[in-house]
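# Summary of the model geometry
Residue-level listing of the chains:
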Amino acid sequence: MYIQILSFIGAAFLLLTLSRLGLALWQWRRVSAVHGLGRVMLGGLRIDAHLVALGVAPGLLLAPWMDGVPAAMWLLGLWLQIVWLLICLLELSTPLFIVEYDTRPNRIYIDYLKYPQEVFGMLWRGYRGTAVLVLVLLALVGWIGHGLFAAGRPTLDGMGWLMRVVLWLAGVALAFLAIRGTLRHRPINPSNVAFCGDALVNTLPLNSLYNVLYAAYCLKNERAPADAYGKLPDEEVIDTVRRCAGLAGEVMDPAIPTLHAARASQLAAGQRRPRNVVVIVEESLGARFTGFLGDTALTPCLDALSAEAWTFTRAYATGTRSVRGLEALAAGFPPALSEAVLRLPDTQSRFFTLAQYLRPQGYKSHFVYGGEAHFDNMKSFFMGNGFDVLHDQPTFLKPAFSGTWGVSDEDMFGRIHEILSVPSEQPQLVLAFSVSNHSPWEYPAGRIEPVGEPASVENTVRYADWALGRFFEQARTQPYWEDTLFLVAADHDARVGGRDCIPLRHFHIPALILGGSVVPRLDARIVSQIDLPVTLLGLLGSNAMHPMIGHDLNDPAAGGRALMQYGENFGYLKGDLLTVLEPQRAPTLWRYGLPDSYQSLEVDAGLAREALAHALWPHQVYRARGYTLPGC
């Protein structure tokens, strides 16, 4: 059995390496543009090891005990031939798929399997020569695989049980390490080998069977809200969302139904050059931790900034996970029952982000994160959707402090300062995501005076606030201050819970905009995270097209509603009325009063349909790939 296993390992690695090299040479113009051949090939070895280990794992588990058993060797040979044929089929299909979709086989490949008659008819009529060639080559490699893997012979004759136990343990350990692919916090995924802004090049280190299997695995994240909350006609969903977003007139592009021009604010008039945009996402910093919104004294620096900024006193997060906050603040995308878009397979390219929007206007876009950017698939999503430069933990060579989740907030802010301090007429977009305020509550010593247990959420909030205040104290003295818009907002609160179907006090977050030209004021309107990127574009003075449905808060009539997903429940807060949608239950309506009171009311049918439309729209536009820009 071990001869079969080793033959498969060698043949699979050889095939996948040659296929990847051939694809890289075919796409050499794009690969060489990012100096990517080495990273494509080395990253590919990691992904191939994962796939090959999955293929041989059953054999490694059984071989020490069943080597020499004819039936076991026959079954292993059959299994290895099936895996070999799948690998070969997907690699042989890849060039044609790239021609059609500019990526390796992915979720679309799975979708096509639902319509075999139509797909095979299309291939036969439109690509007959290619299809015949693929079938011939598949038969050839199948014959080779049969010769290599079908027949086995005993290799452990006379070996004692102790050595067999050692072999078994070694096989389990090697398979586990190869499948996991890393000793870091999360197992290997496509983000581990993504390294540039070209989505096709980022898929070359993958192999096509892995990419299809990963897409199938991610299907679990795509829950259809209509199955949980009920259905509405697609046209009503679009019309309702457009109306609530203030989008008047006809749909400009049926493929992107919410496409519209940004509204330039008068505040942008007279600027000497396009301004930098810095979005600072503070980890787990709920409003309750602040002095100006809550009842604690943990954030004196943020409290002071709130008096010098355009401060939104009733901003609400869209969810309880960092990926929810990032999708809202970086892409303006509302929450849904399915996973956040960073983790969905069909959003890894051609999905709208601020970077995608600002790139045609000459911006260079950076994602700064003190941790490992493959976490929650951030690296793949941002690099595939307009961001030019990734600054994650490996790029911080001499950090002031490094903990479980990455380098400290002060290191992150130091990197932002470095980016903005480089003399350049090219404007910069910086999306920065902090990590310090996270269990196990690690931060550098000597920055704050801890109160009580040093490793606590309260003390990490104090440290995060100290780092934020130190950065802005420095930024005010720099030439870039007058030419930069800063948005500071939390991704979500910490430890969200409670007996309420939507615990709104735990969705309340600090959010403020400041910079040299921003007029300080307190804004008491109800605001959603998805309103903040739209408002930034208004302040920039840009009137280019985008699909975001958030409100531009430069308009005094805007705001007044917030959307949030809490587990299975969807909340739609409009004024003081909270409509809650729960799976397989009738909607409920509550009058919400600060800080935390709920009064049950009779359901408003119109408001319930409005809430349902907003719960359905994200999935609808995701499935139609309609949240992008024309030509992307």
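Summarised in this report is the structure supplied together with it. Just so we're clear, the structure is a prediction, and the values are computed from it rather than from any experiment.

### Side note on the overall build of the chain
Summing up its helical and strand segments, the chain has 20 helices and 17 strands in all. Principal axes of the C-alpha set define a box for the chain whose edges measure 80 × 60 × 55 Å. A buried classification covers 56% of the 632 residues belonging to the chain. Long-range pairs, those at least 24 residues apart, make up 74% of the contacts in the chain between residues at least 6 apart in sequence. As displayed, the chain offers around 26200 Å² of accessible surface, 61% of which is attributable to carbon and sulfur atoms.

### Observations regarding the sheet that holds strand S10 (residues 508-515)
Taking strand neighbours across the sheet as the criterion, the 8 strands line up as S5-S4-S8-S2-S9-S10-S3-S11 in an open arrangement whose pairing is mixed. The sheet is open, and its two borders are formed by strand S5 (389-391) and strand S11 (521-528), each paired with just one other strand. Across the sheet, the mean angle from the axis of one strand to that of its neighbour is 15°, orientation sign disregarded. In this structure, strand S3 (residues 310-316) lies alongside S10, joined through 5 bridges in antiparallel fashion. Counterpart to Phe312 in the pairing with S10 is Ala511. Here helix H18 (residues 457-475) sits on the sheet in contact with strand S2 (276-282), strand S9 (484-490) and S10, set at roughly 170° to S9.

### A closer look at the sheet that holds strand S17 (residues 597-601)
Judged by pairing direction, the sheet is antiparallel, and its 5 strands sit side by side in the order S13-S14-S15-S16-S17 without closing on themselves. Each having just a single partner strand, strand S13 (561-566) and S17 make up the two edges of the open sheet. Taken over all neighbouring pairs, the strand axes of this sheet differ in orientation by 25° on average, direction set aside. Across 6 bridges, the pairing between S13 and strand S14 (residues 569-574) is antiparallel. Of the residues in S14, the one forming a bridge with Gln565 is Phe570.

### Observations concerning the pairing of S14
By the criterion of burial, S14 is predominantly enclosed, with 5 of the 6 residues buried. Connecting S13 to the next strand, S14, in antiparallel fashion are 2 residues, including Gly567 with a positive phi near 60°. As judged from the 5 bridges shared by S14 and strand S15 (residues 577-581), these two strands associate in the antiparallel manner. Looking across to S15, one finds that Leu573 is bridged to Leu578. Hairpin geometry of S14 and S15 is characterised by an intervening segment of 2 residues between the two adjacent antiparallel strands and by a positive phi of about 65° at Gly575.

### Let's talk about a nonpolar patch on the surface
Judged by side-chain polarity, Leu61, Leu62, Trp65, Met66, Val69 and Val172 come together as a nonpolar surface patch covering roughly 470 Å² of accessible area. Take the nonpolar patch: its biggest share by element is 4 residues, from helix H3 (residues 37-66). If you trace the backbone, Val172 turns up in helix H8 (residues 161-180). Overall, Val172 belongs to the partly exposed group, its relative accessible area being 30%.

### Topic: the nonpolar core
Phe367, Phe382, Ile416, Phe472 and Phe486 are the most contacted members of the largest nonpolar core, which has 124 residues in total. In terms of residues, this core owes the most to one element, helix H20 (residues 605-623), which gives 9 residues. Beyond its immediate chain neighbours, meaning those up to four positions away, Phe367 contacts Ala373, Met378, Phe382, Phe387, Val389, Leu390, His391, Leu431 and Phe433. Counting 34 residues, the second largest nonpolar core, distinct from the first, contains Met1, Ile5, Ile87 and Val141.

### Observations regarding the packing of aromatic side chains
Scanning the entire structure with this criterion turns up 31 aromatic pairs. An angle of 20° between the planes, with centres 5.1 Å apart, marks the rings of Phe413 and Phe471 as stacked. Of the two residues, Phe413 sits in helix H17 (residues 409-421) while Phe471 sits in helix H18, which places them 58 residues apart along the sequence. For the pair formed by Phe413 and Phe471, the shared burial category is buried. Ring centres of Tyr592 and Tyr598 lie 5.2 Å apart, and the angle between their planes is 55°; on these two criteria the pair is classed as tilted. With a relative accessible area of 6%, Tyr592 lands in the buried category. Members of the aromatic cluster, connected to one another through ring pairs, are Phe333, Phe351, Phe352, Tyr357, Phe367, Tyr369, Phe381, Phe382, Phe387, Phe433, Trp617 and Tyr627. For Arg521, the ring lying beneath its charged end belongs to Trp310, and the centroid distance is 3.8 Å.

### Quick word on helix H4 (residues 70-101)
The end-to-end C-alpha distance of H4, which contains 32 residues, comes to 45 Å, matching closely the 46 Å that a straight helix rising 1.5 Å per residue would cover. The largest bend in H4 amounts to roughly 40° and is located at Thr94, with the proline Pro95 lying one to four residues further along.

### What to know about H3
A turn of α-helix holds 3.6 residues, and therefore any two residues three or four places apart point the same way. Over its 30 residues, H3 runs 42 Å from end to end, which matches the ideal 44 Å to within 8%, given 1.5 Å per residue. A maximum bend of about 45° is found in H3 at Val56, where proline Pro58 lies one to four positions downstream. Count one or two residues on from H3 and you reach Gly68, which has phi positive near 95°.

### Digging into the environment of Gln356
Along the chain, the position of Gln356 falls in helix H15 (residues 354-358). Residue Gln356 is classed as buried on the basis of its relative accessible area, which comes to 9%. When the C-alpha positions of Gln356 and Asn385 are compared, they lie 6.1 Å apart, and in sequence the two are 29 residues distant. For Gln356, the residues in contact, after removing those within four places along its chain, are Arg350, Phe351, Asn385, Gly386, Thr628, Leu629 and Cys632.

### Notes on the packing of helix H12 (residues 234-244) against H20
Two quantities define a packed helix pair, namely the angle between the helix axes and the distance between the axes. In contact at an axis separation of 9 Å, H12 and H20 are set at 105° when each is read in the N-to-C sense. Comparing their axes, H20 and H12 come out roughly perpendicular. Taking contact as the criterion, the partners of Asp234, Glu236, Val237, Ile238, Thr240, Val241, Arg243 and Cys244 in H12 are, on H20, Arg609, Glu610, Ala613, His614, Leu616, Trp617 and Gln620. Among the residues forming the contact of H12 with H20, the class breakdown is 7 nonpolar, 3 polar and 5 charged.

### Some points on the pattern of salt bridges
According to the stated counting rule, one finds 20 salt bridges in the structure shown. Taking the shortest distance from any N to any O, the salt bridge between Asp48 and Arg20 comes out at 2.8 Å. A residue pair is termed long-range when its members are at least 10 positions apart, and Asp48 in helix H3 and Arg20 in helix H1 (residues 2-26) qualify at 28 residues. Given a relative accessible area of 1%, Arg20 falls into the buried group. With a closest N to O distance of 2.9 Å, Lys574 and Glu610 form a salt bridge. Here Lys574 is found in strand S14, whereas its partner Glu610 is found in helix H20, with 36 residues between them in sequence. Among the residues examined, Lys574 registers a relative accessible area of 35% and is labelled partly exposed.

### A short note on the side chain of Asn211
With respect to the helices and strands, Asn211 occurs in helix H10 (residues 208-218). Apart from the residues lying within four places of it in its own chain, the contact partners of Asn211 are Arg104, Pro105, Asn106 and Leu206.

Analysis parameters
Residues numbered from 1 in each chain as written. Predicted model: local features only at pLDDT ≥ 70, side-chain atom pairs only at ≥ 80, totals over all residues. Heavy atoms only, no water. Helix = DSSP H or I, 4+ residues; strand = E, 2+ residues; numbered from the N terminus. Buried < 20%, exposed > 50% of the residue type's maximum accessible area, 1.4 Å probe, protein only. Contact = heavy atoms within 4.5 Å. Areas by Shrake-Rupley, 256 points an atom, 1.4 Å probe, with all protein chains shown as cover. Pairing = 2+ DSSP bridges. Axes fitted to C-alpha atoms, helices over the stretch in contact; angles between N-to-C directions. Patch = residues over 30% accessible without salt bridge, like charges linked within 9 Å, V, L, I, M, F, W, Y side chains within 5 Å. Salt bridge = Lys/Arg side-chain N within 4 Å of Asp/Glu carboxyl O. Core = buried A, V, L, I, M, F, W, Y, C linked by side-chain atoms within 4.5 Å. Phe/Tyr/Trp six-rings, centres within 6.5 Å; stacked < 30°, edge-to-face > 60°. Lys NZ or Arg CZ within 6 Å of the ring centre and 35° of its normal. Expected span 1.5 Å × (residues − 1). Bend = angle between axes of the 7 residues up to and from the residue. Parallel < 35°, antiparallel > 145°, perpendicular 65-115°, else oblique. Nonpolar A, V, L, I, M, F, W, Y, C, P; charged D, E, K, R; others polar.

Geometric values such as these leave the question of function open.
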